[in-house]
Amino acid sequence: MEITQNYSPYQGFFKRLSIADWLYAVVLCLASLFALSRFGAYMDVYEKGILLLAAPTFAWLGWHWKSVRTLMVILAVLSLLAIQMYGGSLDMANKKFFLKYLLSSQSAILWMSTLFFLSTLFYWGGLVARSDFGASLGSVLCWSAVVMGFTGMLVRWYESYLIGADVGHIPVSNLYEVFILFSMITALFYLYYEQQYRTRQLGPFVMLIISAAVGFLLWYTVSRDAAEIQPLVPALQSWWMKIHVPANFIGYGTFALAAMVSVAYLLKSKGYLVDRLPALEVLDDVMYKAIAVGFAFFTIATILGALWAAEAWGGYWSWDPKETWALIVWLNYAAWLHMRLMKGLRGQVAAWWALVGLLVTTFAFLGVNMFLSGLHSYGTL
Amino acid sequence: MRAAVQNPELRELAAQRYAKRALPANMQNAEQVQAQLTESARKSLNIFAGDEQQSGFVAISKFLEQIPEAEQGKAADVFMKILNGSMWDLWLVAREKEGLPALELDEKHARFLQLATGAISDAFFYGAPVFLQLTGFEEVKASVLQVTRSPGKNVVYLGCLLLVLGVFAMFYIRERRLWVWIRDDVAGTHALMALSSQRKSLDFEKEFEQLKIHLQQLSTQP
């Protein structure tokens, strides 16, 4: 029988792991143990816990999505190289060639921006010319952008400590930094779905929103000198920020991704690009999965926000504009998911809704910072 | 003074006084000229006091635009002279009403009148009858301490944890049921397979296809 050829018998999760997987996990564990033994004296119990848990978490992530293994290794090499070259002095950024043009955080982030733009270009070229080569080049460029972006973030984190031990902080504290985070999270989720569904035709659409974010980032950098590392305001000097902000941006990123997929869905269902886009069911499924992940993490982020608020401002919820809008976003997607899971909402309505959801999300993300003031006034425009 | 401008009776009084004051005593047909001058002064004050739409110098310039262009310059001069004069009288009338002493017409008072007239004219644009201005303030520095006590904190934490677990379970734990009905047939064994789930998704369809192939594969094995 021909059909049987594409069937491989089901195997347990651990049985499917290769030697490379185990090697990767062992290296992660060793790295975290090494860090613990070398720097453990400076850490408190939470930091030690997080360091120890990081190894199994990233091991699981790498096992689940094999590309993460390569990404992690490259990031480790590049950022350690940069730290090595800095050698504890910020001046090196202007003296050493590789730091100046490649690895110092601002150069790396500029590289990321360029690569994202190029990637968009090649994805669109691939879509228009029906060239799989173009799209695959776009994919490679997107991966390189992610590598450069994360390297830039990691190096920026280190640079902030070089400015002063009390200035140092995780680079998710202002609008400039979170825009980089947003671009990279959206790109990573897209790349995951690209591999999962073996289709590159969604790239052009998703890369549009990433390009828009990067364009904004560049404008912001040039017009406001946003790339400078600023000391943290006291309200943000907290452990909670390290998880609250990234969890929120997983939400924003996947919601944006879902909205762009819904654009593709709407185009296809209205008869445009019919033969160049994946099947409607696939688009629908990507949309659902992206929103599901986003919703889960957005829930976590909101809860963490409430707990942090209880600690910092004395109450779980104070109806600050950002909180209110986060609630609106949350309710919006909760309703979307509920309609889908319970009432079987599909098709163009769901797609339009996901697209409108992006407007709500954008307002919660940017509009609140621009038009309303409140307790969350850290990333003002 | 602004109140006086808005008061038609005082305006009337001021217009009459102005006309009496402005004319030399021994003039011919004084009665008639005085009446004309009173009328002009009243008119200029009324226009200056304005209505809902406009008032002050804007209203006056609007009024003057109606006059033929050639005479506009001259008319404006006369008009302003009458207005300034009757404003002086209006001021005096207002002071009289308040029981204040009359004033000598000198440099200082003339300047005040000029500025006041300008201010009354501009006040129309401001919209409110009173202009409030901060002259100073005293800063009081204080620290506020807020104390909160949340005895149910652990319950809240537990609730949050359960909520998150619930959300993840909702998305990633799928309940599926598989039925295979095998019955013997004359030709061999017949198998009917069914798979049910609470939620329809692409993964579910794929899984069914895979299981179908698996079943077929099993049945062909010896």
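Predicted, not measured: the structure shown is a model, and the values here were computed from it.

Some points on the overall build of chain B
Check the secondary structure of chain B and you find 8 helices and 2 strands. Written out in order from the N terminus, the α and β elements of chain B read α-α-α-α-α-α-α-β-β-α. Principal-axis analysis of the C-alpha atoms places the extent of chain B at approximately 145 × 55 × 25 Å. Across the 222 residues in chain B, those meeting the buried criterion constitute 16%. Long-range pairs, those at least 24 residues apart, make up 52% of the contacts in chain B between residues at least 6 apart in sequence.

Overview of the overall build of chain A
Summing up its helical and strand segments, chain A has 13 helices and 0 strands in all. Counted from the first residue to the last, chain A has its helices and strands arranged as α-α-α-α-α-α-α-α-α-α-α-α-α. When its C-alpha atoms are laid out on the principal axes, chain A stretches across 60 × 50 × 40 Å. For chain A, with 381 residues in total, the buried portion stands at 39%. In chain A, 73% of the contacts between residues at least 6 apart in sequence involve partners at least 24 apart.

A short note on the pairing of strand S2 (residues 189-197) of chain B
Moving residue by residue along a regular strand, the side chains alternate between the two faces of the sheet. All names here are of chain B. In terms of residue burial, S2 counts as a barely covered element, since only 0 of its 9 residues are buried. As judged from the 9 bridges shared by strand S1 (residues 176-184) and S2, these two strands associate in the antiparallel manner. Paired with Trp-181 across the bridge in S2 is Leu-192. Hairpin geometry of S1 and S2 is characterised by an intervening segment of 4 residues between the two adjacent antiparallel strands and by a positive phi of about 160° at Gly-188.

A look at the confidence of the model for chain B
Residue and element names in this part refer to chain B. Chain-level statistics for chain B give a pLDDT mean of 81 and a share of 96% at 70 or above. Mean pLDDT in chain B bottoms out at helix H1 (residues 2-6), which sits at 76, and peaks at helix H7 (residues 153-172), which reaches 92. Listed scores for the predicted complex are pTM 0.74 and ipTM 0.83.

Focus: unusual backbone geometry
Residues and elements named next belong to chain A. Even without glycine at this site, Arg-130 takes up a positive phi of about 50°. The residue Arg-130 is located in the loop between helix H6 (105-128) and helix H7 (132-163) in this model. With a phi close to 55°, Trp-319 is a non-glycine residue in the positive phi region. Examined against the element boundaries, Trp-319 turns out to sit in the loop between helix H11 (280-312) and helix H12 (321-343). We classify Trp-319 as exposed; it has 10 C-beta atoms within 10 Å.

Description of the interface of chain B and chain A
The interface is formed by 18 residues belonging to chain B together with 17 residues belonging to chain A. Secondary-structure elements contributing two or more residues to the side of chain B that touches chain A are H7 and helix H8 (202-220) of chain B. By residue class, the composition of the side of chain B that touches chain A is 8 nonpolar, 8 polar and 2 charged.

Overview of H11(A)
Helix length check: H11(A) (33 residues) gives 46 Å between terminal C-alpha atoms against 48 Å at 1.5 Å per residue, within 8%. Backbone geometry just after H11(A) places Gly314(A) at a positive phi near 90°.

Digging into H6(A)
Here H6(A) spans 34 Å end to end across 24 residues, near enough to the 34 Å set by a 1.5 Å rise per residue. Just downstream of H6(A), Arg130(A) is the residue with a positive phi angle, here 50°.

Some points on the nonpolar core
The biggest cluster of nonpolar side chains holds 94 residues, and the ones touching the most others in it are Val261(A), Met287(A) and Ile291(A). Per-element accounting of this core gives the leading share, 16 residues, to H11(A). Excluding its chain neighbours within four sequence positions, the residues that come into contact with Val261(A) are Leu202(A), Phe205(A), Leu283(A), Val286(A), Met287(A) and Ala290(A). Counting 23 residues, the second largest nonpolar core, distinct from the first, contains Ala14(B), Tyr18(B), Ala49(B) and Trp88(B).

Some details on the domain arrangement of chain B
Domain parsing of chain B yields domain 1 (2-126) and domain 2 (167-220). In this structure, domain 1 of chain B and domain 2 of chain B have C-alpha centres spaced 100 Å apart.

Looking at the packing of helix H9 (residues 203-224) of chain A against helix H10 (residues 239-269) of chain A
Residue and element names in this part refer to chain A. Following both chains from N to C, one finds H9 and H10 inclined at 135°, their axes separated by 8 Å at the closest point. In terms of their interaxial angle, H9 and H10 are classed as oblique. Viewed along their axes, H9 and H10 form a crossing whose handedness is right-handed. For the pair formed by H9 and H10, the contact residues are Phe-205, Val-206, Leu-208 and Ile-209 on the first element and Ala-256, Leu-257, Met-260, Val-261, Val-263 and Ala-264 on the second. Here the contact of H9 with H10 is composed, by residue class, of 10 nonpolar, no polar and no charged.

Description of the packing of H7(A) against helix H8 (residues 175-196) of chain A
All names here are of chain A. Direction vectors running N to C along H7 and H8 enclose 140°, while the axes themselves pass 10 Å from each other. For the pair H7 and H8, the sense of crossing is left-handed. Note on element contacts: H8 touches H7 through Ile-180, Ser-183, Met-184, Ala-187, Leu-188, Leu-191 and Glu-194, opposite Ser-139, Cys-142, Trp-143, Ala-145, Val-146, Gly-149, Phe-150 and Met-153.

Observations regarding the environment of Thr135(B)
For Thr135(B), the position within the fold is in the loop between helix H6 (107-126) and H7. Taking the C-alpha atoms as reference, Thr135(B) lies 38 Å from Ala41(B); in sequence the two are 94 residues apart.

A look at the confidence of the model for chain A
Looking at chain A, the pLDDT average stands at 88 and 96% of residues meet or exceed 70. Contacts from residues 1-6 of chain A, a stretch scored under 50 in pLDDT, to residues over four places away or in other chains number 4 contacts.

Quick look at the environment of Gln230(A)
Residues and elements named next belong to chain A. Mapped onto the fold, Gln-230 is located in the loop between H9 and H10. For Gln-230, a count of 13 C-beta atoms within 10 Å puts it in the partly exposed group. Distance from Gln-230 to Ser-160, taken between C-alpha atoms, is 8.3 Å for residues 70 residues apart in sequence.

Rules behind the numbers
Counting restarts for each chain, with residues numbered from 1 along the sequence as it is written. Written order determines the labels here, with chains lettered from A and ligands numbered from 1. For this predicted model, a pLDDT threshold of at least 70 governs which residues receive local features, and a threshold of 80 or more governs which side-chain atom pairs are given and counted, while totals over whole chains, interfaces and linings are taken from all residues. Numbered from the N terminus, helices here are DSSP runs of H or I no shorter than four residues, and strands are runs of E no shorter than two. For the exposure call, what matters is how many other C-beta atoms sit within 10 Å of a residue's own: 20 or more marks it buried, 12 or fewer exposed, and in between partly exposed, using C-beta atoms placed from the backbone. Remark: residues whose backbone-derived C-beta atoms lie within 7 Å of one another are considered to be in contact. Two strands are counted as paired when DSSP detects at least two bridges linking them. For every residue, the predictor states its confidence as a pLDDT score lying anywhere from 0 to 100. Three classes are used: nonpolar for Ala, Val, Leu, Ile, Met, Phe, Trp, Tyr, Cys and Pro, charged for Asp, Glu, Lys and Arg, and polar for all others, with Gly counted as polar. Here the expected span of a helix is defined as 1.5 Å times the quantity of residues minus one. The nonpolar core is taken to be a set of buried Ala, Val, Leu, Ile, Met, Phe, Trp, Tyr and Cys residues joined by way of C-beta atoms within 7 Å. Each domain's extent is set by a domain assignment, obtained either automatically or from a database. Angles run from 0 to 180 degrees between N-to-C directions of axes, and those axes are lines fitted to C-alpha atoms, restricted for helices to the stretch in contact. Throughout, the term roughly parallel applies to angles under 35 degrees, roughly antiparallel to angles over 145, roughly perpendicular to angles from 65 to 115, and oblique to all others. Two helices that cross are described as forming a left-handed crossing if the nearer one is turned anticlockwise from the farther one by less than a right angle, and a right-handed crossing if clockwise.

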